[in-house]
Amino acid sequence: MPSILQCVDCSQQYPIDTVVYSCGACGGLLDVRHDFEPARQGLTQNLFDGRLGALSAPYNSGVWRYKELIYPGVDDEHIVSRMEGNTNLYELPKVAAYAGVDTLFLKHEGENPTGSFKDRGMTTGLTQAKVLKMKRVACASTGNTSASLASYAARAGMQGIIFLQNQQIALGKLAQGIAFGAICLQINADFDRNMALAQQVSARLGMYLLNSVNPFRLEGQKSIMFEALQQLRWQAPDWIVVPGGNLGNSSAFGKGLLELYELGLIDRLPRLAIVQAEGANPLYRHYKSGFRQYQPVKAQTIASAIKIGNPVNVSKAIRALEWTGGVVEAVSDQQIMDAKAVVDAVGIGCEPASACSVAGARKLARRGIIQRGDTVLGVLTGHILKDPEATIGYHADTLPQLKPQHRNEMLQAEADIEEIVALLESAPAPAPLGAARSQN
Ligand code: F0G
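Residues numbered from 1 in each chain as written. Predicted model: local features only at pLDDT ≥ 70, side-chain atom pairs only at ≥ 80, totals over all residues. Heavy atoms only, no water.

Caption draft 1: The arrangement of the overall build of the chain in detail. Assigned secondary structure in the chain consists of 16 helices and 13 strands. For 440 residues, the compact-globule estimate of 2.2 N^0.38 gives 22 Å, and the C-alpha radius of gyration of the chain, at 21 Å, lies within 12% of that figure. Across the 440 residues in the chain, those meeting the buried criterion constitute 59%. Contacts in the chain between residues at least 24 apart in sequence constitute 69% of all its contacts with a sequence separation of at least 6. When the accessible area of the chain is evaluated, it comes to approximately 17800 Å², of which 50% is carbon and sulfur surface. Counting 41 positive and 41 negative side-chain charges, the chain places the averaged centre of each group 6 Å from the other. (Helix = DSSP H or I, 4+ residues; strand = E, 2+ residues; numbered from the N terminus. Rg over C-alpha atoms; globule rule 2.2 N^0.38 Å. Buried < 20%, exposed > 50% of the residue type's maximum accessible area, 1.4 Å probe, protein only. Contact = heavy atoms within 4.5 Å. Areas by Shrake-Rupley, 256 points an atom, 1.4 Å probe, with all protein chains shown as cover. Lys, Arg positive; Asp, Glu negative; His and termini not counted. Charge placed at Lys NZ, Arg CZ, Asp CG, Glu CD.)

Caption draft 2: Structural view of the site of the ligand. Around the ligand sit 19 residues, and of these Ser-141, Gly-245, Asn-246, Leu-247 and Thr-381 come closest. In this structure, an oxygen atom belonging to the ligand sits 2.8 Å away from a main-chain N or O atom of Thr-145. Here an oxygen atom of the ligand and a backbone polar atom of Gly-245 are 2.7 Å apart. For the ligand, whose accessible area on its own is 470 Å², the fraction buried by protein is 99%. Using a 2 Å cut-off from the grid points, one finds that the ligand occupies the largest cavity. Elements that contribute at least two residues to the shell around the ligand include exactly α5 (144-156) and α10 (248-262). (Near = heavy atom within 4 Å. Polar contact = N/O pair within 3.5 Å; in protein donor to acceptor, adjacent residues only side chain to side chain. 1 Å grid on protein atoms, 1.4 Å probe; cavity = no way out; pocket = protein on both sides within 12 Å on 5 of 7 lines; lining within 4 Å. Sits in = over half its atoms within 2 Å of the grid points.)

Caption draft 3: Up close: the state of the cysteines. Tallying each qualifying case throughout the model produces zero disulfides. Cys-23 carries a free sulfur, and the closest cysteine sulfur to it, the one in Cys-10, is 3.6 Å from it. Free cysteine Cys-356: the closest other cysteine sulfur is in Cys-350, separated by 9.3 Å. When its relative accessible area of 0% is taken as the criterion, Cys-356 is described as buried. (Disulfide = S-S within 2.5 Å.)

Caption draft 4: Up close: the pairing of strand β5 (residues 103-108). Among the six residues of β5, five are classified as buried, and the element is accordingly described as predominantly covered. With three bridges connecting them, strand β4 (residues 89-91) and β5 associate as antiparallel partners. Following the sheet pairing, Tyr-90 is matched in β5 by Leu-106. Sheet analysis places β5 next to strand β13 (residues 375-380), joined by six bridges and oriented parallel. Bridging across to β13, His-108 finds its partner in Leu-380. (Pairing = 2+ DSSP bridges.)

Caption draft 5: Structural context of the sheet that holds strand β6 (residues 136-141). If you trace the four strands from one edge of the open sheet to the other, you get β8-β7-β6-β9, paired in parallel fashion. The strands lining the two open edges of the sheet, one partner per strand, are β8 (183-187) and β9 (208-209). Bridge analysis of strand β7 (residues 159-165) against β8 gives five bridges, and the strand direction is parallel. Note on β8: the bridge partner recorded for Ile-161 is Ile-183. Against the sheet, α5 engages β6 and β7, with an angle of about 165 degrees to β6. (Axes fitted to C-alpha atoms, helices over the stretch in contact; angles between N-to-C directions.)

Below is the structure:
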């Protein structure tokens, strides 16, 4: 077998086709580990570059293009794919100026089929569910995981079951879960409680759990880094900046970057900056304590995607920080929404949690941790249409405790030409982007 499951804490191993999410011996998280040695000579930049633009499965997917690094032994006919990935990498000088750096790239994972990076983890997750002959797949979610699971379960012909909180789920996400035909459970609990419930109910009913505690999810999410590095012609940036919620992406990025480096596909490791919302910052606090005292928090933030107080992947995220010389930052809701408005106003757009990448880069640059001349690659994790209420609330200035710094106020007029012309002639020019109007 070219791949096995291995505990990150005690190295206990399990066959790849075991239904297991944590180590039976010590309770630690599991990695999918691949033996790259037999194929090592062939794992070159040219191999992956030669597949760019592929028209047929599996290499037309931005995940399965790197199949040898994701799940080498899997049978192609088990692969459940929506041609995910293949997302754009934007170089955005105006957003760079706002962040206070010369070069900023944003990789837009909101351009995936269901509008978030989760599709990269769901293609591998549902593929493994097929390998294991599962009938039902389940997750707890702040919304994006459930939208993605519902879509991929439908494609695979399996029943999706999603555990949702009954408050603050963004409408674009809820609508997808329902429309794609998953069983939608709205539960009177926050994400952290739902996560525990989903784990227990899945074990009891034999449903395959597809939260990021499932290591196959993270194998797919590694491809965000593979594709971004390929788009940069395999030249590593100085920094990768990513929002942190359940810490699946951060963990996947650390593993993926290390694998690229060990295989000689990149010649240095970028540093990872994980950015949490101030009201949902257990990793940030842990980091600040020198990793001495981990404590879950009761989460609260407008960035509902990352409203998570007890992330499941803490130990893997710490490992990723160690491997890459990484840092953790926290940003306020005000900083998140202002950064989002800046990303939106250049015509790209993202959901609130995604803007942590830009708000975090800006804060780290102000603190001198990111240098102006550093090359920064931020990940936008979700699409602007996921959470229209937050966007409209910002520009209508109806969000509590927030003062929009980059507001695009709606104008109202009667159906009268003179009034409309007068209004347009007196309308203020859009505020220039950059530091000028921002107080933060
Ligand atoms: N950004 C978005 C848009 C998300 O949906 C999530 C997580 C994150 C960032 C955080 O990523 O968990 O890998 O650290 N959303 C999950 C969900 C929790 O249920 O959709 P992470």
